[in-house]
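Read off the chains here:
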Amino acid sequence: GFQFYVNSSAAVAVLIFNCEGKLLVTRRAVDPDKGKMDLPGGFVDPDETAEEAVRRELKEELGVKVKSLRYLTSSSNQYPFSGIVVFTLDLLFRAEIEDPENMSASDDISAFEWIDPGTVDAGEIPSHSIRYFIKEIALREKTNPSQN
């Protein structure tokens, strides 16, 4: 059975669009949900701000630097991990990055792709907060030019 921790952990997720309005999605290299669709991001470390976590995760996972960052919204989530359920508060940001053409997948992602968020099959996204971020927030953001 699962043990439950009552305090939520903070996590970050990031929307990055290319000039054609396609969204950057990643594939998980690790369980839970290995091979499934995700957004770049991860847990916020102790003594780290959400913005610092976004910069660190994008560097670790994709090897890119953040040019600008804007907070969008949050969603609660449950993340099964090592036999426990971690409650998370997932904070969604929109980022502009430097040198997107020089991205490479590493750390806990196996691949990335640019997709139209409207065409994503919700069944491909195991996490309900990420599903909400891609299927609703990304669609809304796609039509809004970035506010740098």
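Residues numbered from 1 in each chain as written. Predicted model: local features only at pLDDT ≥ 70, side-chain atom pairs only at ≥ 80, totals over all residues. Heavy atoms only, no water.

Q: Outline the environment of S127, listing residues and values.
A: For S127, the location among the structural elements is in the loop between β8 (109-115) and α2 (128-142). Sequence spacing of S127 and D33 is 94 residues, and the spatial spacing of their C-alpha atoms is 8.9 Å. A distance of 3.2 Å separates a polar atom in the side chain of S127 from the backbone nitrogen of I130. (Helix = DSSP H or I, 4+ residues; strand = E, 2+ residues; numbered from the N terminus. Polar contact = N/O pair within 3.5 Å; in protein donor to acceptor, adjacent residues only side chain to side chain.)

Q: So, helix α1 (residues 50-62): which residues are in play, and what are the values?
A: Given a rise of 1.5 Å per residue, 13 residues ought to cover 18 Å, and the 18 Å separating the end C-alpha atoms of α1 matches this to within 8%. Three or more residues of α1 are buried, namely A50, A53, V54, R56, E57, L58, E61 and L62. Residues of α1 that are buried in the fold lie against β2 (9-15), β3 (23-28), β5 (41-43), β6 (66-81), β7 (84-97) and β8. Just beyond α1, the residue with positive phi is G63, at close to 70 degrees. (Expected span 1.5 Å × (residues − 1). Buried < 20%, exposed > 50% of the residue type's maximum accessible area, 1.4 Å probe, protein only. Contact = heavy atoms within 4.5 Å.)

Q: So what about the packing of aromatic side chains? Which residues, and what values?
A: A full pass over the atoms with the stated rule returns three aromatic pairs. Here the aromatic rings of F43 and Y79 are separated by 5.4 Å at their centres, their planes lie at 80 degrees, and the arrangement is edge-to-face. Residue F43 is located in strand β5, and its partner Y79 is located in strand β6; the two are separated by 36 residues in the primary sequence. (Phe/Tyr/Trp six-rings, centres within 6.5 Å; stacked < 30°, edge-to-face > 60°.)

Q: If you had to explain α2 to someone new, which residues and values would you point to?
A: If you check α2, its first and last C-alpha atoms are 20 Å apart, about what 15 residues at 1.5 Å a residue would give, namely 21 Å. Where α2 bends most, at I134, the angle is about 30 degrees. Looking at the buried side of α2, the elements it contacts are β2, β3, β4 (37-38), β6 and β7. (Bend = angle between axes of the 7 residues up to and from the residue.)

Q: Would you mind going over the nonpolar core in detail, with residue names and values included?
A: Grouped together as the largest cluster of nonpolar side chains are 18 residues, with contacts concentrated most on V12, I16, V54, L58 and L62. Of all the secondary-structure elements, those providing two or more residues to this core are β2, α1 and β7. A per-element tally of this core places α1 first, with five residues. Sequence-distant contacts of L62, defined by excluding residues within four places in its chain, comprise L24, P40, E57, M103, S104, I109 and F112. Within the second largest apolar cluster, 17 residues are counted, among which are V25, L39, V120 and I137. (Core = buried A, V, L, I, M, F, W, Y, C linked by side-chain atoms within 4.5 Å.)

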